[in-house]
Amino acid sequence: MVDRRPGVIARCAGVADVRRTLDFGVHRGLPISIRCGGHGVSGFAVCEGGVMIDLEEMTAVHVDPAARIARAQGGVNWGQFDHETQAFGLATTGGVVGTTGIAGLTLAGGHGMLMRRYGLACDNLRSADVLTADGRLLKASPSENEDLFWALRGGGPFAHGPGFYPNYESDVAAGRLASAFGAAKYERLRRVKRAYDPDNVFRLNQNIEPGEA
Ligand SMILES: Cc1cc2nc3c(=O)[nH]c(=O)nc-3n(C[C@H](O)[C@H](O)[C@H](O)COP(=O)(O)OP(=O)(O)OC[C@H]3O[C@@H](n4cnc5c(N)ncnc54)[C@H](O)[C@@H]3O)c2cc1C
């Protein structure tokens, strides 16, 4: 279905591997794509001739039952996530198929069995560790890098307003994305993009180009 062949597939074991792989690709000007569960039907996790950062080996999940929070690495799928959380009687909105990746699903909104009561997967995201193109590891949360956190959730929360599910959008033309998000939200997303990825290194996904300075 996806007829692309990366030049390099880096099967990363941790953040250090991801950072080093990213640095390798950025300094050679190569296309960079990121793979979590590999269920994205648009195929944006697979680049042609560039560097594919494969997170599939990064499957650690840590549950804090008292805080009712789970921390998961970027390659975890919903089967692995549910296996750990259900041991403590906890659950969140996730994909209905266990092999779908939590990162790709959550970044695209994420609908599932519990959404009518608890909102989409992205609405339940508490924070994320984000590696920027220039190698910074940032925390994005409601109190740290709030604009980045807002953008990771697609300009949500979706539970409290109209949302847009970008994974079904295979056309990366800016006009399509702009009309889907709406003018004001799209401009804000472009400003966030400029702040964290001004050179548009992460341009293979449903791309939002950096806004003007
Ligand atoms: C069989 C099947 C069942 C599905 N069921 C559901 C469902 O119940 N609910 C639902 O909402 N959706 C569902 N989907 C859609 C699915 O959630 C999306 O396709 C989602 O994007 C897949 O995420 P992934 O990590 O598995 O895929 P991938 O192909 O690995 O990634 C998808 C996109 O996210 C990006 N990405 C992944 N991880 C990261 C990361 N750590 N950092 C930055 N970017 C990243 C990739 O670059 C790519 O653009 C289903 C899809 C399939 C094929």
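Residues numbered from 1 in each chain as written. Predicted model: local features only at pLDDT ≥ 70, side-chain atom pairs only at ≥ 80, totals over all residues.

Engineer: Help me out: how do you make sense of the overall build of the protein in this one?
Structural biologist: Across its full length, the protein holds seven helices and seven strands. Against the globule reference of 17 Å for 213 residues, the protein gives a C-alpha radius of gyration of 17 Å, in line with a compact fold. Judged by the C-alpha coordinates and their principal axes, the protein covers about 45 × 40 × 35 Å. Counting the 213 residues in the protein, one finds 38% classified as buried. (Helix = DSSP H or I, 4+ residues; strand = E, 2+ residues; numbered from the N terminus. Rg over C-alpha atoms; globule rule 2.2 N^0.38 Å. Buried ≥ 20, exposed ≤ 12 C-beta atoms within 10 Å, placed from the backbone.)

Engineer: Looking at this structure, how should I read helix H1 (residues 15-27)?
Structural biologist: Because each turn of an α-helix spans 3.6 residues, side chains separated by three or four positions end up pointing in the same direction. Between the first and last C-alpha of H1 there are 18 Å, a value that for 13 residues agrees with the 18 Å anticipated at 1.5 Å per step. Here H1 has its buried residues at Val18, Thr21, Leu22 and Gly25. All buried residues of H1 fall inside an arc of 100 degrees around its axis, so they share one side. Every exposed residue of H1 that faces more than 90 degrees away from the buried side is listed here: Ala16 and His27. Buried-residue contacts for H1 involve strand S1 (8-11), strand S2 (32-35), strand S3 (51-54) and strand S6 (128-131). (Expected span 1.5 Å × (residues − 1). Arc of directions from axis to C-beta. Contact = placed C-beta atoms within 7 Å.)

Engineer: Even after reading the chapter, I still don't get the site of the ligand, so can you show me in this structure?
Structural biologist: The environment of the ligand is made up of 28 residues, and the closest members are Cys36, Gly37, Gly40, Gly101 and Gly104. Broken down by secondary-structure element, the contributors of at least two residues to the shell around the ligand are S2 and helix H3 (102-107). With four residues, the single largest contributor to the shell around the ligand is H3. When grouped by side-chain class, the residues that make up the shell around the ligand number twelve nonpolar, 15 polar and one charged. In this structure, the shell around the ligand is formed jointly by two domains, domain 1 (8-54) and domain 2 (59-126), each of which donates at least three residues. (Near = placed C-beta within 6 Å. Nonpolar A, V, L, I, M, F, W, Y, C, P; charged D, E, K, R; others polar. Domains from an automatic or database assignment.)

Engineer: Would you take a moment to explain the nonpolar core for this structure?
Structural biologist: The tendency in soluble globular proteins is for nonpolar side chains to be buried as a group. In terms of nonpolar packing, the biggest core is built from 41 residues, with Ile53, Leu55, Phe81, Ile102, Leu148 and Leu152 touching the most fellow members. Ignoring anything within four residues of it in the chain, the contact list for Ile53 reads Ala10, Cys12, Val18, Thr21, Leu22, Ile32, Ile34 and Arg35. (Core = buried A, V, L, I, M, F, W, Y, C linked by C-beta atoms within 7 Å.)

Engineer: What is the right way to look at the pairing of strand S4 (residues 61-64) in this model?
Structural biologist: As a general feature of sheets, a regular strand has side chains that alternate between the two faces. For S4 and strand S5 (residues 69-72), the ladder comprises four bridges, and the chain directions are antiparallel. Within S5, the position partnered with Val61 by the bridge is Ala72. In textbook terms, the turn of a hairpin is the stretch between consecutive antiparallel strands, and for S4 and S5 this stretch comprises four residues, one of which, Arg68, has a positive phi near 55 degrees. (Pairing = 2+ DSSP bridges.)

Engineer: I keep staring at the sheet that holds S3 and nothing clicks. Help me out?
Structural biologist: Each strand in a sheet pairs with another by means of backbone hydrogen bonds, the pair being arranged parallel or else antiparallel. Spatial strand order, S1-S3-S2: three strands in an open sheet with parallel pairing. With partners counted over all chains shown, the strands left at the sheet margins are S1 and S2, one partner each. Each neighbouring strand pair of the sheet contributes to a mean axis angle of 20 degrees, computed without reference to strand direction. Across four bridges, S1 lies against S3 in parallel orientation. Residue pairing for S3: Ala10 is matched across the bridge by Ile53. Most of the contacts of H1 go to S3, to which it runs at about 170 degrees, and overall it touches S1, S2 and S3. (Axes fitted to C-alpha atoms, helices over the stretch in contact; angles between N-to-C directions.)

Engineer: Just to check I follow, could you spell out the environment of Ala151 for this structure?
Structural biologist: Residue position: Ala151 is located in helix H5 (residues 146-152). Given 24 C-beta atoms within 10 Å, Ala151 falls into the buried group. Spatially, the C-alpha atom of Ala151 lies 25 Å from that of Thr99, the residues being 52 residues apart in sequence. In contact with Ala151, not counting residues within four places along its chain, are Leu189 and Val192.

Engineer: Honestly, helix H7 (residues 183-196) in this entry has me stumped. Any pointers?
Structural biologist: The end-to-end C-alpha separation of H7 is 20 Å, in line with the 20 Å expected for 14 residues at 1.5 Å each. Every buried residue of H7 is listed here: Leu189, Arg190, Val192, Lys193 and Tyr196. On an axial view of H7, the arc spanned by its buried residues comes to 160 degrees, and they lie on one face. In this structure, H7 carries Ala183 and Ala184 as exposed residues pointing more than 90 degrees from its buried face.

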